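One letter stands for each residue in the lines below.
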Amino acid sequence: MNYILGIDLGTTNSCVAIFENQSPVIVPNKEGSRITPSVIGFTEKMEVLVGHIARRQAITNPQNTVFGIKRLMGRKFDSSEVNSMLRTLPFEVVKAENGDAWVEIMGKQYSPQEISSLILKDLKENAEQYTGTEIKQAIVTVPAYFNDAQRQATKDAGTIAGLEVLRIVNEPTAAALSYDMGNLRGKVAVYDLI
Amino acid sequence: MGKKKKNKALGNDAVPTESSAMEPVEAPEAPEAIEVDGPVLEEEPEGMGLVEESAVSESEDEDLIPGTTDLADQMTQLERETHELKETLLRKMAEFENLKKRTAREKVEAVRYGTAEVLTRLLEVVDNFDRALLLTPDSEGFDVYSFYEGMKLISKHLLDILKGEGLIEIAPAGEPFDPFFHEAMMREESADFPDNTVVEVFQKGYKLKDRLLRPARVKVALHPEKVVEPEEMGDQGESTPEENES
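Residues numbered from 1 in each chain as written. Chains lettered and ligands numbered in written order. Predicted model: local features only at pLDDT ≥ 70, side-chain atom pairs only at ≥ 80, totals over all residues. Heavy atoms only, no water.

Caption draft 1: Region of interest: the environment of proline 112 of chain A. Residues and elements named next belong to chain A. Counting through the fold element by element, proline 112 comes out in helix 3 (residues 112–131). Exposure remark for proline 112: the relative accessible area of 1% places this residue in the buried category. When the C-alpha atoms of proline 112 and alanine 153 are compared, they prove to be 8.0 Å apart, with 41 residues separating the residues in sequence. (Helix = DSSP H or I, 4+ residues; strand = E, 2+ residues; numbered from the N terminus. Buried < 20%, exposed > 50% of the residue type's maximum accessible area, 1.4 Å probe, protein only.)

Caption draft 2: Region of the structure containing the packing of aromatic side chains. All chains considered together, the criterion is met by 4 aromatic pairs over all chains. Between phenylalanine 67 of chain A and phenylalanine 91 of chain A, the aromatic rings sit 5.5 Å apart at their centres with planes inclined by 90°, giving edge-to-face as the arrangement. Note that phenylalanine 67 of chain A is positioned in strand 7 (residues 65–67) and phenylalanine 91 of chain A in the loop between helix 2 (80–86) and strand 8 (92–95), a separation of 24 residues in sequence. We note that phenylalanine 67 of chain A, like phenylalanine 91 of chain A, is buried. Relative to phenylalanine 146 of chain A, the ring of tyrosine 145 of chain A has its centre 5.8 Å away and its plane inclined at 70°; by these criteria the two rings are edge-to-face. Relative accessible area serves as the criterion here: at 6%, phenylalanine 146 of chain A is assigned to the buried category. Lying across the ring of phenylalanine 181 of chain B, lysine 207 of chain B places its NZ or CZ 4.6 Å from the centre. (Phe/Tyr/Trp six-rings, centres within 6.5 Å; stacked < 30°, edge-to-face > 60°. Lys NZ or Arg CZ within 6 Å of the ring centre and 35° of its normal.)

Caption draft 3: Quick peek at the layout of surface pockets. All names here are of chain A. Estimates place the volume of the second largest pocket at around 880 Å³. Top element by residues in the lining of the second largest pocket is helix 5 (residues 171–183). It accounts for 8 residues. Tallied by class, residues from the lining of the second largest pocket come to 16 nonpolar, 5 polar and 5 charged. (1 Å grid on protein atoms, 1.4 Å probe; cavity = no way out; pocket = protein on both sides within 12 Å on 5 of 7 lines; lining within 4 Å. Points joined across faces, edges and corners; volume = space filled by probe spheres on them. Nonpolar A, V, L, I, M, F, W, Y, C, P; charged D, E, K, R; others polar.)

Caption draft 4: Molecular detail of the sheet that holds strand 7 of chain A. Residues and elements named next belong to chain A. Taken in spatial order, the 3 strands line up as 6-5-7 in an open sheet, and their pairing is antiparallel. On the outer flanks of this sheet lie strand 6 (48–50) and strand 7, each paired with one strand and no other. Each adjacent strand pair in this sheet contributes to an overall mean axis angle of 20°, direction not counted. Sheet topology note: the strand 5 (residues 39–42)/strand 7 ladder contains 3 bridges and is antiparallel. Across the sheet, residue glycine 41 finds its bridge partner in strand 7, namely threonine 65. (Pairing = 2+ DSSP bridges. Axes fitted to C-alpha atoms, helices over the stretch in contact; angles between N-to-C directions.)

Structure follows, in structure tokens:
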């Protein structure tokens, strides 16, 4: 069976589903939760913690815990969006050679794509464990306002995680598609609250 | 039946370029019905007479082409096999649908009544509370100390039942902080403990067998030597990760 993952790569939480027997199934993570916080923690021994575990140690390790990386995806360090974020982020954001906003953890620089790939990889592994098969392809959702650079960055994150991103779908489109799949009860308005 | 099949095999030979898209009803004598579809066969009975006629009229060809009978036999065989496979497939699909429905129903039942066994065991605890609460502070011979002892016993009984079900307590005071089972609620400067030691447990955590039910909520020691670092970072160290989320 060739599964294609459906991934909601969120700012705060992420979620992965597979399509089985004509219906989508949300894959629970190793802790049994259907959502995984989009948080990555690096320990002193350079171990990578993902999700709930990373979030639980955030207070003890603020400089080395990255959250909300989606807001840096495909953005320039000098952009006004990144500038306004800098003051509130406990981890260090630096300017990469190509002008992009990257993060620096214990002297090592990571692109937002790399950080996101760690989340995607975790979701992929959970799904592989759940289905008992290797999974190589995914569809990832992005905010409707994402520009080309941000969409490409999301695709790159997938590639780094070992996933071929077959399609990037707008989040409101994905929501609308879900209603097409038989979730429709009455009239529905889909809107994307940023 | 055999005749019909033969005819079809024949037709196949006689008019190889005939479009298979032609409707059998429109041209009953056209031998295009190469398709071995079960349903198509069943739709044809009206045309049967004509088909058979053509079979008769072309029967000479049958003799002229050697090996035709073999082909016809093969066709018959293949048609039978296809039919059987289709039947099997339909049956399996129905079986699978039933299995899916039954599994879903069983899952609902398991969720609805799965707690029955544990609840039955917990009833003993409820009984004990009932007995204890028969006495009120106004009752004759009410003794706070024996009441307290009784409560302790009931509490132990309850925990024993829960532990028997696989509940494991997480109370990590004095242990190194471990994000896999603990949740850091705050840090406190302390020279008495090594860095990253749990100095206080606000709320105990619990595991069910190997799965975490709830992390222990703890206060974690921050060694004074380490405090220098966040100060260097300036005002950046102030915010918490939970802020500014959309």
